[in-house]
Amino acid sequence: MLKKWLLVALCVALTACNSEAPSDHAAETVEIATSGDGNGNFGAVSVDEPAPVEPIPDIASTTDWPALSLKSGKAFISCGLDYEAVGDGEPLVNLEFFSVLDAMSACQETGVVRLRYEGKVASDFHALIERVAAMADRMDIDKRILDIDSSGGQVEYAIRAGDVIAESGWTIWVREDAICHSSCVLVLAAGDNRMISGKVGIHRIIRLESEATSRAELNRELRDVHEKIELYLSRNGVAVAVADLMMTVPNRSLRLLTADELDQFGMEGINAAQDDLDRIQLARKCGEDFVRRRDDFFRSFDRTCSAPEQDVEAMNTCGLELRERFGFPDKKCRADSPLSEHDGKARAAADAPLPAGKTVG
């Protein structure tokens, strides 16, 4: 009998403790306008045949890039990382070869490019990512930051842009004053590293131009999209549960992901799939000790520098101070050291004033 009462008392105590869990960690669902954001942006949309983008047969070598203006959002190019000091950079609207070349020419000296994007995920966003990545390859600019603020857009182009990002080495920021909602989370999933201070949210995909007259017909139409999203998330080391949320949360609502959920889904910090590949390559190039110290650093960074509501600039500052404890930057593999985008010329440029006549975006 005594054991029974002790067990009951223990259960009551545990229940009381659980009931006092901080509300900050609870998932939050907010209502949004059913007509989108006022600019025709419904968050996450899918169509049978995405609007075609004129392909560039050999983007890596030709200068004959088809004329294209950015209309779905605003883009800015900066060659420094301190956005509080230097702003978002110079506007980039024309995506022709020499326009992109001119915008990024100063970044060849610093070795880093920060692309700020505010707007919808659409065909021209995919072209923007593809062309900036191709130009960075030509200029040997290895450090690439996508500084994004987007309420979503077309799923198919989010996947296409994500595939470019996954193959070309980007860190993605969602700053404290930014959002990444709906199909934007697919772009976020592709980054080598994800630094998140703003709000990340998910809701159901809208099927445009659907001829469905029943739930069953609509479900069949969405099933193929769901499978494509699952495959995409899997190859980017993100939990396929995210695809399920994109099928279940009503489109008029938005499920804001907590810091714990972002971590559990594999959407924050180092990309697990990329990390596996990096560890194999870095062990060969820099040695096992380098890999061990790098792992230790990122574990400590996650505990110390990635606190909820921490702004991206503070995360970077914390990380730069923390890494010295683990012997970084490494003398042998400086460019492969954590947060190496802040080293050398890139770090000096981040703190440098703008040239005469230049303004910030």
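This report concerns the structure included in the present document. A quick note: this is a predicted structure, and the numbers were derived from the prediction, not measured. (Residues numbered from 1 in each chain as written. Predicted model: local features only at pLDDT ≥ 70, side-chain atom pairs only at ≥ 80, totals over all residues. Heavy atoms only, no water.)

**Re the overall build of the protein**
Line of reasoning, step 1. Broken down by element type, the protein carries 14 helices and 14 strands.
Line of reasoning, step 2. Within the protein, contacts between residues separated by at least 24 positions form 75% of all contacts whose residues are at least 6 apart in sequence. (Helix = DSSP H or I, 4+ residues; strand = E, 2+ residues; numbered from the N terminus. Contact = heavy atoms within 4.5 Å.)

**Focus on the sheet that holds strand β3 (residues 73–78)**
Line of reasoning, step 1. Strand order across the open sheet formed by seven strands is β4-β3-β5-β6-β8-β10-β14, with mixed pairing between neighbours. Each edge of the sheet is formed by a strand with only one pairing partner; in this case those strands are β4 (90–92) and β14 (269–270).
Line of reasoning, step 2. Summarising the sheet, strand β10 (residues 193–196) and β14 pair through two bridges and their orientation is antiparallel. Across the sheet, residue N193 finds its bridge partner in β14, namely I270.
Line of reasoning, step 3. Here helix α13 (residues 312–323) sits on the sheet and contacts β8 (170–174) and β10; the angle it forms with β10, its principal contact strand, is near 120°. (Pairing = 2+ DSSP bridges. Axes fitted to C-alpha atoms, helices over the stretch in contact; angles between N-to-C directions.)

**Section: the layout of surface pockets**
Line of reasoning, step 1. Of the voids in this model, the largest pocket is the one considered here, and its volume is about 770 Å³.
Line of reasoning, step 2. Lining the largest pocket are 27 residues; nearest its centre among them are K143, G169, D192, D278 and A335.
Line of reasoning, step 3. Broken down by secondary-structure element, the contributors of at least two residues to the lining of the largest pocket are β6 (143–149), α6 (155–168), β8, α11 (272–286) and α12 (288–304).
Line of reasoning, step 4. The dominant element in the lining of the largest pocket, judged by the number of residues it contributes, is α11, at five residues.
Line of reasoning, step 5. When grouped by side-chain class, the residues that make up the lining of the largest pocket number ten nonpolar, eight polar and nine charged. (1 Å grid on protein atoms, 1.4 Å probe; cavity = no way out; pocket = protein on both sides within 12 Å on 5 of 7 lines; lining within 4 Å. Points joined across faces, edges and corners; volume = space filled by probe spheres on them. Nonpolar A, V, L, I, M, F, W, Y, C, P; charged D, E, K, R; others polar.)

**Re the packing of α6 against helix α8 (residues 215–235)**
Line of reasoning, step 1. In contact at an axis separation of 11 Å, α6 and α8 are set at 20° when each is read in the N-to-C sense. Considering the angle they form, α6 stands roughly parallel to α8. As α6 runs across α8, the sense of the crossing is left-handed. In contact with V155, A158, I159, G162 and D163 of α6, α8 contributes V225, K228, I229, Y232 and R235.
Line of reasoning, step 2. Split by residue class, the contact of α6 with α8 holds six nonpolar, one polar and three charged. (Parallel < 35°, antiparallel > 145°, perpendicular 65-115°, else oblique. Left-handed = near helix turned anticlockwise from the far one by under 90°.)

**Some thoughts on the pattern of salt bridges**
Line of reasoning, step 1. Applying the stated rule across the entire model yields 23 salt bridges.
Line of reasoning, step 2. Note that D88 and R116 form a salt bridge whose closest N and O atoms lie 3.9 Å from each other. One end of the pair, D88, is in the loop between α2 (83–86) and β4; the other, R116, is in strand β5 (residues 112–119), and 28 residues separate them in sequence.
Line of reasoning, step 3. A salt bridge links R323 to D343; the nearest nitrogen and oxygen atoms lie 2.3 Å apart. Here D343 lies in the loop between α13 and α14 (344–351) and R323 lies in helix α13, a separation of 20 residues in the sequence. D343 shares its class with R323; the two are buried.
Line of reasoning, step 4. Connected through salt bridges with shared partners, the residues K74, D88, R114, R116, E118, D147, D149, R175 and D177 form a single ionic network. (Salt bridge = Lys/Arg side-chain N within 4 Å of Asp/Glu carboxyl O. Buried < 20%, exposed > 50% of the residue type's maximum accessible area, 1.4 Å probe, protein only.)

**A closer look at the pairing of β5**
Line of reasoning, step 1. In terms of residue burial, β5 counts as a mostly covered element, since six of its eight residues are buried.
Line of reasoning, step 2. Pairing between β3 and β5: six bridges, direction antiparallel. Bridge assignment links S78 to a residue of β5, and that residue is R114.
Line of reasoning, step 3. In this sheet, β6 lies alongside β5 in parallel orientation, the contact comprising seven bridges. If you follow V113 over to β6, its bridge partner there is R144.
Line of reasoning, step 4. For the crossover from β5 across helix α5 (residues 123–138) to β6, the handedness is right-handed. (Right-handed = clockwise from strand over helix to strand, strands pointing away.)

**Some points on the environment of E227**
Line of reasoning, step 1. When you line up the elements, E227 lands in helix α8.
Line of reasoning, step 2. On the accessibility criterion, E227 (41% relative accessible area) is partly exposed.
Line of reasoning, step 3. A C-alpha to C-alpha distance of 9.6 Å links E227 and V240, two positions 13 residues apart in sequence.

**Side note on the nonpolar core**
Line of reasoning, step 1. With 68 residues, the main nonpolar core has M104, F125, L128, L146, L186 and I229 as its most contacted residues.
Line of reasoning, step 2. With eight residues, the single largest contributor to this core is α5.
Line of reasoning, step 3. Other than its neighbours up to four places away in sequence, L146 contacts L115, Y117, F125, I129, I165, W170, T171, I172, W173 and V187.
Line of reasoning, step 4. Within the second largest apolar cluster, 23 residues are counted, among which are L81, F298, L320 and L339. (Core = buried A, V, L, I, M, F, W, Y, C linked by side-chain atoms within 4.5 Å.)

**Points about α11**
Line of reasoning, step 1. In this model α11 runs 20 Å from its N-terminal to its C-terminal C-alpha over 15 residues, within 8% of the 21 Å that 1.5 Å per residue would give.
Line of reasoning, step 2. What α11 keeps buried is the set Q274, D275, D278, L282 and C286.
Line of reasoning, step 3. Regarding α11, its N-cap is N271, as a side-chain oxygen of that residue lies 2.9 Å from the backbone nitrogen of A273 further along.
Line of reasoning, step 4. Just past α11, the residue G287 takes up positive phi, approximately 100°. (Expected span 1.5 Å × (residues − 1). Polar contact = N/O pair within 3.5 Å; in protein donor to acceptor, adjacent residues only side chain to side chain.)

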